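Residue-level structural notes
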Amino acid sequence: MEQNKLLEVSRLKKYFTLRNSFSGSRTVRAVDGVELCIYEGETFGLVGETACGKSTLGRTILRLHEPTQGQIFYRGKDITKADMRPYRSRMQIIFQDPGGSMDPHMRVGGLIEEVLKANGIGSGRAERRSIAEEYLQKVGLKPESADLYPYEFSGGEQQRISIARALAVRPEFLVCDEPTSSLDVSIQSQIINLLEEMQQGLGLTLLFISHNLPVVRHISDRIGVMYLGKIIELGTSDEICASPLHPYTRALMAAVPVPDPASARRARPGRIKGDIWNGSGPITGCRFHLRCPHASERCKNEEPPLMERSPGHTCACWLQ
Ligand code: SF4
């Protein structure tokens, strides 16, 4: 079946300049040449360690950060420098800290109504209120929740509110930036289930960003593994988890806790050893070579491109 591309990025880069009165300025290459395509209706998981650039990539795709270089296409249109106002309601984001993204002085209903108004949805206050209540119910909250303040809710409920607020403007594409990281484990699965229900019920396309590989595996159709600003392996969720090719992906898999103690005793130690490049200055060769047990002279000098190993499964490693 032919899949429609919803979003495509080409050689996308986002560099930040950090200034320090003692050591001067330095450039951090948070996103450093990402190639990516997301199909309509799928959940694409982006996984990697903290500070690998995955959140910056999500925000740059939405133009919440302006790209340093490269191109972003949405439904085939180049939006790299486009006026984003027509796209804002179609491309939404939910954050790790839902409370931090809400004005504590506004009631929940007002928070949702404000976003609806900004996107030209609803002909008046009464209609916007009705939409706000409808979406609060969709995420499992009572319509009367609209009269309460964000601090009157638990972390999990606040994340439900932020999902309701994002979905009320009827987006096609939702970036979920570590949406469960700040929640208790017991609440995490409720939010994941809710996102799955919403994705299927509303036909959404999700970019799900997380450092938690089991969560990404559970929710995603395809997974991109990110390391120091670049995607180094990409494939279906089953391929990435059952047959990881890149040594970094294998190390991530080995680091996943095993629930069965007998299996855990047999499992190899999962800690990824070695130095991590600090993200500034040019890097030569494979960006994983400082930590890779298989690194050769070639790995230190030549950067491997993403190469297709089987249909739809790509990996950037000279060994594979
Ligand atoms: Fe390791 Fe070399 Fe492959 Fe990089 S290219 S992951 S250093 S074997």
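Concerning the packing of aromatic side chains
Under the criterion given, the structure shown has 5 aromatic pairs. On the numbers, 6.0 Å between centres and 85 degrees between planes, the contact of Tyr74 with Tyr87 is edge-to-face. Linking Tyr74 in strand β4 (residues 69-74) with Tyr87 in helix α2 (residues 85-88), this pair joins segments that are 13 residues apart in sequence. For the pair Tyr74 and Tyr87, a shared accessibility class is recorded, and that class is buried. Ring geometry for Tyr248 versus Phe288: centroids 5.4 Å apart, planes at 65 degrees, classification edge-to-face. With Tyr248 in helix α9 (residues 247-254) and Phe288 in the loop between α10 (261-266) and α11 (297-301), this residue pair connects regions lying 40 residues apart in the sequence. Each member of the pair, Tyr248 together with Phe288, is buried.

As for the site of the ligand
As a matter of local geometry, the ligand sits amid His246, Pro247, Cys286, His289, Cys292, His294, Ala295, Cys299, Pro304, Cys317, Trp318 and Leu319. Residue composition of the shell around the ligand, by class: 9 nonpolar, 3 polar and no charged.

Some points on the domain arrangement of the protein
Along its sequence, the protein is organised into domain 1 (5-90 + 171-315) and domain 2 (101-170). Of note, the centres of domain 1 and domain 2, computed from C-alpha atoms alone, are 30 Å apart. Taken together, the contact between domain 1 and domain 2 spans 15 residues of the former and 12 residues of the latter. Contact between domain 1 and domain 2 buries roughly 1200 Å² in total, counting both sides, with carbon and sulfur atoms accounting for 74%. Across the contact surface, domain 1 and domain 2 share 3 residue pairs in polar contact (both at pLDDT 80 or more). Looking at which element gives the most residues to the side of domain 1 that touches domain 2, the answer is helix α6 (residues 185-202), with 7 residues. Class assignment of the residues belonging to the side of domain 1 that touches domain 2 gives a composition of 11 nonpolar, 2 polar and 2 charged.

Quick notes on the sheet that holds strand β5 (residues 77-78)
Reading across from one edge, β2-β1-β4-β5 is the order of the 4 strands in this open sheet, with antiparallel pairing throughout. Of all strands in the sheet, those with a lone pairing partner are β2 (24-39) and β5, marking the two edges. Two elements, strand β1 (residues 5-20) and β4, share 5 bridges in a ladder whose sense is antiparallel. Bridge assignment links Val9 to a residue of β4, and that residue is Ile72. Strand contacts of helix α1 (residues 54-61): β1, β2 and β4, with the helix running at about 115 degrees to β1, the strand carrying the most contacts.

Reading the values: rules and limits
Numbers given to residues run from 1 along each chain, matching the order in which its sequence is written. Only residues with pLDDT of at least 70 get local features here, since the model is predicted, and only at 80 or more are side-chain atom pairs given and counted; chain-wide, interface and lining totals rely on the full set of residues. Side-chain numbers come from the whole structure's heavy atoms, not from hydrogens or water. Planes of paired rings set the category: under 30 degrees apart is stacked, over 60 is edge-to-face and the rest tilted, where pairs are Phe, Tyr or Trp rings (Trp by its six-membered ring) whose centres lie within 6.5 Å. Under the scheme used here, helices are H or I runs from DSSP no shorter than 4 residues and strands are E runs no shorter than 2 residues, and both carry numbers assigned from the N terminus. Working definition: with a 1.4 Å probe on protein chains only, accessible area under 20% of the residue-type maximum means buried, over 50% means exposed, and in between means partly exposed. Here a residue is considered near a molecule or strand provided that any single heavy atom belonging to it is located within 4 Å of it. Only Asp, Glu, Lys and Arg are considered charged in this grouping, and only Ala, Val, Leu, Ile, Met, Phe, Trp, Tyr, Cys and Pro are considered nonpolar; every other residue, Gly among them, is considered polar. Domain ranges listed in this record stem from an automatic or a database domain assignment. Contacts are assigned to residue pairs that have any heavy atoms within 4.5 Å of one another. What counts as buried area is the accessible surface, traced by a 1.4 Å probe, that two parts surrender upon association, with contributions from both included. For this analysis, a polar contact is any N or O atom pair within 3.5 Å, provided that within protein one partner can donate a hydrogen and the other can accept it, and provided that sequence-adjacent residues contribute only side-chain to side-chain pairs. Whether two strands pair depends on DSSP finding at least two bridges between them. Only the stretch in contact is used when a helix axis is fitted, and all axes are lines through C-alpha atoms; the angle between N-to-C directions ranges over 0 to 180 degrees.

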